[in-house]
Amino acid sequence: MSNCKEIPMFQAGNEDEYIQVLPGIQRKTLVYGDRMLMTEFRLKKGHSLPRHAHPHEQIGYLVRGRIRLGLGDQCYEIRQGDSWCIPGGVEHGVEILEDAVVVEVFSPLREDYLPGK
């Protein structure tokens, strides 16, 4: 427990600290540890997240809304309550079909998503 003062182990919910990543896409880092990080995305209908890849494994859950997830050479229509796992290095992108909220966990820790980065 010696690192509890250095790493936020608990984060109360609030409406602050959302970062505009792209038009129609906001991101907020919720909490992180030594090896993983949890993020909330707010997505607006009609926008998209271009295909990209990164070395982090990514697990996601669609809290509400509807998106189309392109994952490698596959495409999935994701609805409220659905979840997914994207291995590190696999190209993926999102088309936002309805306003949506997504929670995702990345491992290893995404340093570019740390608060203040």
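Residues numbered from 1 in each chain as written. Predicted model: local features only at pLDDT ≥ 70, side-chain atom pairs only at ≥ 80, totals over all residues. Heavy atoms only, no water.

**Observations regarding the overall build of the chain**
Looking only at helices and strands, the chain has 0 helices and 8 strands in total. If you list the helices and strands of the chain from N to C, you get β-β-β-β-β-β-β-β. A total of 117 residues make up the chain; the buried ones form 36% of that total. Taking all contacts inside the chain whose residues are at least 6 apart in sequence as the whole, residues at least 24 apart take part in 62%. Accessible area for the chain stands at about 7,200 Å²; split by element, carbon and sulfur atoms hold 52% of it. (Helix = DSSP H or I, 4+ residues; strand = E, 2+ residues; numbered from the N terminus. Buried < 20%, exposed > 50% of the residue type's maximum accessible area, 1.4 Å probe, protein only. Contact = heavy atoms within 4.5 Å. Areas by Shrake-Rupley, 256 points an atom, 1.4 Å probe, with all protein chains shown as cover.)

**Considering the environment of K45**
When you line up the elements, K45 lands in the loop between β3 (37-43) and β4 (48-52). The exposed category is assigned to K45, whose relative accessible area is 58%. On a C-alpha basis, the gap between K45 and A100 in space is 7.6 Å, while along the polypeptide they are 55 residues apart. The residues touching K45, leaving out its near neighbours within four places in the chain, are I96, L97, E98 and D99.

**Quick word on the pairing of strand β8 (residues 92-107)**
Pairing of β3 with β8, which is carried by 7 bridges, proceeds in the antiparallel orientation. Across the sheet, M38 pairs through a bridge with V105, a residue of β8. Two strands pair when backbone bridges link them, and β4 and β8 are joined in this way by 3 bridges, in the antiparallel orientation. If you follow H52 over to β8, its bridge partner there is H92. In terms of strand pairing, strand β5 (residues 57-71) meets β8 through 13 bridges, oriented antiparallel. Within the sheet, the bridge partner assigned to L69 lies in β8 and is V94. (Pairing = 2+ DSSP bridges.)

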